[in-house]
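# Survey of secondary and tertiary structure
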Amino acid sequence: MSPSITVLTGAGISTESGIPDFRGPNGVWTKDPAAQQMFTLQNYVADPELRRRSWQNRRAHAAWTAEPNAGHLALADLELAGRLRALITQNIDGLHQRAGSQEVIELHGTLYGVECLGCGDRTEMSDALARVEAGEQDPPCLLCGGILKSATISFGQNLDTAVLRRAQSAALDCVTFFAIGTSLTVQPAAGLARLAARNGARLVIVNAEPTPYDDLAERVIREPIGQVLPALLAG
Ligand code: NAD
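Residues numbered from 1 in each chain as written. Predicted model: local features only at pLDDT ≥ 70, side-chain atom pairs only at ≥ 80, totals over all residues. Heavy atoms only, no water.

Strands belonging to one sheet form pairs held by backbone hydrogen bonds; the direction of such a pair is parallel or antiparallel. Spatially, β5-β4-β6 is the arrangement adopted by the 3 strands of the open sheet, whose pairing is antiparallel. The open sheet is flanked by β5 (122-124) and β6 (148-152), the only strands paired with a single partner. If you compare each strand with its neighbour and ignore which way they point, the axes differ by 45° on average. Packing against the sheet, helix α3 (residues 48-59) makes contact with β4 (109-116) and β6, and its axis sits at approximately 50° to β6. (Pairing = 2+ DSSP bridges. Helix = DSSP H or I, 4+ residues; strand = E, 2+ residues; numbered from the N terminus. Axes fitted to C-alpha atoms, helices over the stretch in contact; angles between N-to-C directions. Contact = heavy atoms within 4.5 Å.)

Our next topic: the domain arrangement of the chain. Split into domains, the chain comes out as domain 1 (1-19 + 69-108 + 162-235) and domain 2 (31-65 + 110-152). Each of domain 1 and domain 2 has a C-alpha centre, and these two points are 28 Å apart. Each partner contributes residues to the interface: domain 1 has 8 residues there, and domain 2 has 9 residues. Where domain 1 touches domain 2, the interface holds 0 salt bridges. Summed over the shared surface of domain 1 and domain 2, the result is 1 residue pair in polar contact (both at pLDDT 80 or more). (Domains from an automatic or database assignment. Salt bridge = Lys/Arg side-chain N within 4 Å of Asp/Glu carboxyl O. Polar contact = N/O pair within 3.5 Å; in protein donor to acceptor, adjacent residues only side chain to side chain.)

Further remarks concern the nonpolar core. It is characteristic of soluble globular proteins that their nonpolar side chains tend to be buried jointly. Grouped together as the largest cluster of nonpolar side chains are 26 residues, with contacts concentrated most on Ile 88, Leu 107, Phe 177, Leu 184 and Leu 192. Listed by contribution, the elements that provide at least two residues to this core are β2 (84-89), α7 (161-172), β7 (176-180), α8 (191-198) and β8 (202-206). Considering each element in turn, this core owes the most residues, 5 residues, to α7. Listed in part, the 18 residues of the second largest apolar core include Ile 13, Val 206, Ile 225 and Leu 229. (Core = buried A, V, L, I, M, F, W, Y, C linked by side-chain atoms within 4.5 Å. Buried < 20%, exposed > 50% of the residue type's maximum accessible area, 1.4 Å probe, protein only.)

All right, on to the site of the ligand then. In the neighbourhood of the ligand, 26 residues make up the surrounding shell, with Arg 23, Gln 90, His 108, Ser 183 and Glu 209 lying closest. Between the ligand and Ala 11 there is a distance of 2.8 Å, counted from an oxygen atom to a backbone nitrogen or oxygen. Between the ligand and Thr 182, the relevant distance is 2.7 Å, taken from an oxygen atom to a side-chain nitrogen or oxygen of the residue. Here the residues of the shell around the ligand are counted per class, giving 9 nonpolar, 11 polar and 6 charged. (Near = heavy atom within 4 Å. Nonpolar A, V, L, I, M, F, W, Y, C, P; charged D, E, K, R; others polar.)

A few words on the layout of surface pockets. It is a probe the size of a water molecule, rolled over the atoms, that shows where empty space is left. When its volume is computed, the second largest pocket comes out at roughly 270 Å³. What lines the second largest pocket is a set of 18 residues, among which Gly 109, Glu 115, Arg 122, Ala 151 and Ile 153 lie closest to the centre. For the lining of the second largest pocket, the secondary-structure elements that each account for two or more residues are β4 and β6. Residue contributions to the lining of the second largest pocket peak at 4 residues, all from β6. Residue composition of the lining of the second largest pocket, grouped by class: 6 nonpolar, 7 polar and 5 charged. Taken domain by domain, the lining of the second largest pocket gets at least three of its residues from each of domain 1 (1-19 + 69-108 + 162-235) and domain 2 (31-65 + 110-152). (1 Å grid on protein atoms, 1.4 Å probe; cavity = no way out; pocket = protein on both sides within 12 Å on 5 of 7 lines; lining within 4 Å. Points joined across faces, edges and corners; volume = space filled by probe spheres on them.)

Take a look at the structure:
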């Protein structure tokens, strides 16, 4: 039997690992709406002070000490069982890979990489953070002197076209599409749920709060992800 399940995850799958989401009740933006400006490319490029704060935030990010939880592990098991068509994530925290998932489509990039906005040179976050710790508050690109940024997608930045295409193909080629821990408000990621459902897939949403796509779903589960996912995916 060919793998028939495509999964889209969002920040909600990592809250039980201690990484806050953006829009949940304890979300970073729920508590401090002004924090959103740090995630807009235009502001990042224009404002050196915002970049300095952003590097300090990167240094202190919960992802460096977080451990995968039962939700991440259940998805790694699904792949191991040969039932997963694709795991698509909006997360940047690398916890799916640390849980054992081999193939992860990272729609919004990764916290583990750094990209130069000038020449596109790609380096490791650990090297950039070592420079920040050594006193460079806003480390420039070592090749061209350009502005460095974590290799994550900010508002105002396009997704990698090839990565998005892989995600769209997986949404179109599944029997069941799970949307897990995502408010389904960020496009084009959220649109994958609609694409799958319109193409005849069974849409299952696992999220604590309502989403704009609940009406399209065959099943909506509002329980904590780490508690329900292992049993839900075991069947
Ligand atoms: P979001 O913050 O918009 O929504 C998260 C949803 O998860 C909320 O609706 C919340 O109610 C639900 N949720 C939280 N914990 C839950 C739990 N334990 N059980 C069930 N539901 C739970 O997140 P999003 O839709 O992923 O979009 C936000 C963007 O933020 C994405 O682009 C993502 O890249 C980025 N982000 C990533 C991380 C991360 O990598 N862990 C963390 C914060 C934000």
